[in-house]
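Inside the fold
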Amino acid sequence: MSAIMTIGHGPGRARVVWVLIDGLGDVACAELGGSTPLEAALTPTMDAIAAAGLNGLVDPVDVGCACGSDTAHMALFGYDPRKLYPGRGSFESIGAGIDMQPGDIAFKSNFATMDLESGMVLRRRADREFEREGPELCRYLDGLAIPGFSDVSVRFQYATEHRCGVRLRLEAPRQGITKLSSAITGTDPLVDNRALVTCEPTEKGNRAADFTAAVVQALHHEVAKRLSSHPINQERLAQGKPPA
């Protein structure tokens with residue numbers, strides 16, 4: 001990520017180019033003799049920049065707090081994610097090119113491999129090399145009708161690798177509910193070989209949250225049904241690859 005920023009106020013302020021190479025540290029690899037890719041790489045330009053500047057460690061949000069890219073980036077730009085973080089879904093969806101407006105909710109979603117009978121998520125990422133299949137599957141799912149919720153529109157847009165952005169929008173008031181609610185849980189079990197989490201409201205008595213959770217559950221079932229019979233997944237199964 002790179003950005004042009006203005007530092008300071010008044011006549012003494014300066015414009016700087018800020019380059020953030022997210023995830024550059026990586027992890028040690030046996031193939032590299034126990035070194036990380038960064039340690040093994042030839043990086044004369046970065047070495048020169050580091051030698052001419054200041055180096056150190058920083059906790060973007062709080063000491064000992066392991067941040068994701070989204071919350072860490074917010075903090076580095078001066079925004080407190082503990083107060084202002086809207087969830088990763090809006091970042092992923094807007095970044096993928098989906099428009100959003102107040103009342104919409106969005107999800108950062110993975111193409112995953114799931115056993116439909118048991119509900120177990122076998123692989124949270126069906127395949128990191130999904131650049132061919134991902135866009136086609138998103139086009140197939142984009143605009144689908146959710147059974148029982150025809151007043152909720154759905155957008156799917158491919159992002160990168162196994163990821164896509166998903167946006168839900170309530171197109172017309174329904175039983176006094178005028179917008180969807182973000183007061184719901186996600187469905188990601190966070191590790192492989194665990195059951196998909198049921199989307200539930202996080203606030204008691206919040207009718208919009210109850211409604212939104214029901215929409216997400218219905219969307220999940222419809223997406224799983226459609227993807228299971230898609231030719232791309234039939235082809236992947238025939239090739240011994242995990243379906244999405």
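Structure: above.
Before going into details, it helps to say that this report is about the structure given with it. Position numbers for residues count from 1 along each chain, tracking the sequence in the order it is written. Only residues with pLDDT of at least 70 get local features here, since the model is predicted, and only at 80 or more are side-chain atom pairs given and counted; chain-wide, interface and lining totals rely on the full set of residues. Think of the side-chain values as coming from all heavy atoms in the structure, minus any hydrogens and water.

Following DSSP output, two strands are said to pair if at least two bridges run between them. Helix numbering and strand numbering both begin at the N terminus, where a helix is a DSSP run of H or I of at least 4 residues and a strand a DSSP run of E of at least 2. Taken together, the 3 strands give an open sheet; going across it, the order is β4-β5-β8, and neighbouring strands pair in antiparallel fashion. Looking at the sheet topology across the chains shown, the edges are occupied by β4 (113-115) and β8 (194-195). Bridge count for β4 against strand β5 (residues 120-123) is 3 bridges, and the pairing is antiparallel. Within β5, the position partnered with D115 by the bridge is M120.

For this analysis, a salt bridge means a side-chain nitrogen from Lys or Arg found within 4 Å of a carboxyl oxygen belonging to Asp or Glu. Evaluated as defined, the whole model comprises 17 salt bridges. For R169, the salt bridge goes to D104, with nearest N and O atoms at 2.9 Å. With R169 in strand β7 (residues 163-170) and D104 in the loop between α5 (88-96) and β3 (105-110), the pair connects residues that are 65 residues apart, well separated along the chain. Each residue is assigned to one of three classes by its accessible area relative to the maximum for its type, calculated with a 1.4 Å probe on protein chains only: buried under 20%, partly exposed between the two thresholds, exposed over 50%. Residue classification places R169 among the buried positions, given a relative accessible area of 12%. Of the residues examined, D104 reaches a relative accessible area of 11% and is grouped as buried. Close ionic contact of R174 with D151 constitutes a salt bridge, the shortest N to O distance being 3.1 Å.

A cluster of nonpolar side chains, namely V17, V19, I21, L24, L38 and M46, defines an oily patch on the protein surface of about 490 Å² accessible area. Tracing the backbone shows V19 in strand β2 (residues 14-19). Here, patches come from residues exposed beyond 30% relative accessible area and free of salt bridges, joined within 9 Å for like charges and within 5 Å for nonpolar side chains (Val, Leu, Ile, Met, Phe, Trp, Tyr). All accessible areas in this document rest on Shrake-Rupley with a 1.4 Å probe, and a residue is counted as covered only by the protein chains that are shown.

In this section: the nonpolar core. Residues F111, I146, V152, F156, L168, F211 and L219 are the most contacted members of the largest nonpolar core, which totals 35 residues. Those elements giving two or more residues to this core turn out to be α6 (133-141), β6 (152-158), β7 and α7 (207-228). Residue contributions to this core peak at 10 residues, all from α7. Buried Ala, Val, Leu, Ile, Met, Phe, Trp, Tyr and Cys residues form a nonpolar core when they are joined through side-chain atoms within 4.5 Å.

Moving on, we come to the sheet that holds β6. If you trace the 3 strands from one edge of the open sheet to the other, you get β3-β7-β6, paired in antiparallel fashion. Two strands close off the open sheet at either side, each with one partner strand: β3 and β6. The average undirected angle you get between the axes of adjacent strands in this sheet is 20 degrees. Here 7 bridges tie β6 to β7, and the two strands are oriented antiparallel to one another. Note that in β7 the partner of F156 across the bridge is V166. Lines are fitted to the C-alpha atoms to define the axes, a helix being fitted only along its stretch in contact, and any angle between axes, read from their N-to-C directions, falls within 0 to 180 degrees.

On to the pairing of β6, then. Burial of β6 is one-sided: the residues V152, V154, F156 and Y158 facing one way are buried, the residues S153, R155 and Q157 facing the other way are not. Counted along the chain from β6 to the antiparallel partner β7, the turn is 4 residues long, and its residue E161 has a positive phi close to 45 degrees.

Now for the layout of surface pockets. Each cavity reported here is a set of points on a 1 Å grid over the protein atoms alone in which a 1.4 Å probe fits but cannot get out, each pocket an open set with protein on both sides within 12 Å along at least five of seven lines, and each lining residue one with an atom within 4 Å of a point. Grid points are joined across faces, edges and corners, and a volume is the space filled by probe spheres set on the points. Computed from the structure, the largest pocket encloses a volume of approximately 1500 Å³. As for the largest pocket, its lining consists of 47 residues, of which F107, K108, S109, N110 and T187 are closest to the centre. Sorting the residues of the lining of the largest pocket by element identifies α5, β3, β4, β7, α7 and α8 (231-238) as the ones contributing at least two each. Here the lining of the largest pocket takes 7 residues from α7, the largest share from any one element.

Within the element layout of this structure, S181 appears in the loop between β7 and β8. Pairs of N or O atoms are called polar contacts if they sit within 3.5 Å, as long as, within protein, a hydrogen donor faces a hydrogen acceptor (for residues adjacent in sequence, only side-chain-to-side-chain pairs). A polar side-chain atom of S181 sits 3.0 Å from the main-chain amide nitrogen of A183. Contact between two residues is taken to exist if any of their heavy atoms lie within 4.5 Å; hydrogens are not considered. Not counting the four nearest positions on each side in its chain, S181 is found in contact with I105, N206, A208, A209 and T212.

Let us now look at the packing of α6 against α7. Two elements in contact, α6 and α7, have axes whose closest approach is 11 Å; the angle formed by their N-to-C orientations is 125 degrees. By the angle between their directions, the pair α6 and α7 is classed as oblique. In the crossing of α6 with α7, the sense of the turn from one axis to the other is right-handed. Taking contact as the criterion, the partners of L137, Y140 and L141 in α6 are, on α7, V223, R226 and L227. Taken together, the residues of the contact of α6 with α7 sort by class into 5 nonpolar, no polar and 1 charged. Any angle that falls under 35 degrees is termed roughly parallel, while one over 145 is termed roughly antiparallel, one within 65 to 115 roughly perpendicular, and all others oblique. Two helices that cross are described as forming a left-handed crossing if the nearer one is turned anticlockwise from the farther one by less than a right angle, and a right-handed crossing if clockwise. Think of it as three bins: nonpolar holds Ala, Val, Leu, Ile, Met, Phe, Trp, Tyr, Cys and Pro, charged holds Asp, Glu, Lys and Arg, and polar takes everything else, Gly as well.

Attention now goes to α5. The set of residues buried in α5 consists of G89, S90, E92, S93 and A96. Considered in projection along α5, the buried side chains sweep an arc of 165 degrees and stay on one side of the axis. In α5, the exposed residues that point more than 90 degrees away from the buried face are I94 and G95. On its buried face, α5 sits against β3, β6 and β7. Backbone geometry just downstream of α5 places G97 in the positive-phi region, at approximately 105 degrees. It is the directions from the helix axis to the C-beta atoms whose arc is reported.

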